[in-house]
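Each chain, written out:
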Amino acid sequence: MLPGISWFAETFVRLTFFDQFVGGDTAEKTLPLLYKLRAVNKGALFAYSVEVDENEATASASSSKRAEPSPHKRIVDEMVHCIDVTADFEDAVSGKFHTGRRTWVAIKMSALLPDANVLVKFSSYLQTTRPKLLIAFPGCPHSSDLDILNKPPNDTLTAEDIAALRDFHADLVRICEHAQKRGVKIIVDAEYSWYQPAIDALTLSLTRQFNKLPSPTNKDTSAVQPLIYGTYQAYLQRTPELLAQSLADAKAGNYALGVKLVRGAYHSYEIAAHQARLDGKPSVSLSSDSHPPVWLTKPETDACYNACARTLIQSIREDMNTRRPKDDPLTPAVGVLFGTHNWESCRLILDELVKTGLAVKGPAADDLVLLPDDLTERVTIGQLYGMCDDLTNYLVNSTASNTPLIIKYVPYGALSEVMPYLSRRAIENKSVLGEGAASGERQRAAAEIKKRLFGLWFSGK
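Residues numbered from 1 in each chain as written. Predicted model: local features only at pLDDT ≥ 70, side-chain atom pairs only at ≥ 80, totals over all residues. Heavy atoms only, no water.

**Student:** How should I be thinking about the packing of helix H10 (residues 298–320) against helix H11 (residues 343–355) in this particular structure?
**Tutor:** Packed helix pairs are specified by the crossing angle of their axes together with the interaxial distance, meaning the distance between the axes. H11 packs onto H10 with a crossing angle of 20° between their chain directions and a minimal axis gap of 10 Å. When the interaxial angle is binned, H10 and H11 end up roughly parallel. For the pair H10 and H11, the crossing hand works out as right-handed. Touching Tyr-305, Asn-306, Ala-309, Arg-310 and Ile-313 of H10 are Glu-344, Ser-345, Leu-348, Ile-349, Glu-352 and Leu-353, all from H11. Looking at the contact of H10 with H11 residue by residue, the classes come out as six nonpolar, two polar and three charged. (Axes fitted to C-alpha atoms, helices over the stretch in contact; angles between N-to-C directions. Helix = DSSP H or I, 4+ residues; strand = E, 2+ residues; numbered from the N terminus. Parallel < 35°, antiparallel > 145°, perpendicular 65-115°, else oblique. Left-handed = near helix turned anticlockwise from the far one by under 90°. Contact = heavy atoms within 4.5 Å. Nonpolar A, V, L, I, M, F, W, Y, C, P; charged D, E, K, R; others polar.)

**Student:** Can you help me understand the pairing of strand S4 (residues 228–233) in this one?
**Tutor:** Successive residues of a regular strand alternate their side chains across the two faces of the sheet. Among the six residues that make up S4, six are buried, leaving the element largely enclosed by the rest of the structure. Both strand S3 (residues 186–188) and S4 contribute to a ladder of two bridges, which runs parallel. Within the sheet, the bridge partner assigned to Ile-187 lies in S4 and is Tyr-229. Sheet topology places S4 next to strand S5 (residues 257–262); five bridges connect them, and they run parallel. From the neighbouring strand, Tyr-232 faces S5, where its bridge partner is Leu-261. In this fold, S4 hands off to helix H8 (residues 239–253), which returns the chain to S5; that crossover is right-handed. (Buried < 20%, exposed > 50% of the residue type's maximum accessible area, 1.4 Å probe, protein only. Pairing = 2+ DSSP bridges. Right-handed = clockwise from strand over helix to strand, strands pointing away.)

**Student:** Sorry, what's going on with the side chain of His-178 here?
**Tutor:** Assignment of secondary structure puts His-178 in helix H6 (residues 159–182). Setting aside residues no more than four positions away along its own chain, His-178 makes contact with Val-80, Ile-83 and Asp-84.

Printed below as a string of structure tokens:
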């Protein structure tokens, strides 16, 4: 490719899709956006957006050739740096308090390993060794999942694999220990179902370690709770049962449960991988079921999401009504980030908060929904940066709270690093928003991109 053409293509992508969906090249260069968001009572879920290219991962999984080494330690260091930038920002805008901090950090586990296929192999191992529960694939994590870190190799995991997992777990603990020290919440992103058993196992271990609630015998707990959030994908058929099991386990284990509830971003990949396995073709799918792990239709996913949202709001209500020690009135035992671009779900969440008495709304249709501080320490609603700004602004303008209720997922990274993230936006628009809403969102995003390219010429002003 000619240098001039290459430069032109990069400039075009940077002025259009990059500026529309990405906060900046570095954490520091994204700070002006974070200040801009906070000025209008919006928080941020900050993410160094390095993703695994799934075509490369699939090739690695179906061949014996090892993937080229990746600079994963640099990415781990960048996650720690991102936590520092986030904490410094919150110290500046919120003060050095443990409440009201509304800039969090997201991590994608598959980017923190030299070879993401180790997660597939670990997931395959867990599928055959976990206690069997009546929960659909990809199953349910168990406290014994990480015992393999101290066991000899087996038919699925080599000594090198186990060493990589042990090192990976140590890196995750390092990230979470730094987040605990700086008072920054960590949100673990969900990924493809063939990674998910491993991700669930690691997330459960981190949650049990860092989300411990105060007790008469344990005062050494994180001031910010829940510190670690796992992501629950409503398009997976297992999610209602998994959520119920997670809530019960957290209560029994006396730790706070952090839940990021989303619909899911990989529907087309999941369907294709499952069909390939059924057809006897090379596939990364680990499910032995005849039906795919995801719901086949969007209405089924919508119904699952809304049902889980109601369950979570009831759990928050029970948590807020639980008697607590006088010196610990606000520590949440449940925290939820509702990640959704769906108007119906957002209205349902606000309505349920009012219906359960957690929030207050006046009789007039245009009255604000008032959210007390102990509620906003437990509930947040989020959308992706560059998408559904009309919904985000509606939520901000319909509510009143001292701490931002709404956050935007703000990725950052060099253009070459965030290309997999950008390439996924079009697919996610259709599978998550639905055909009609996706069309409207594409038109809105296109209008914004035209403005970036040509100023006000296309706006008719």
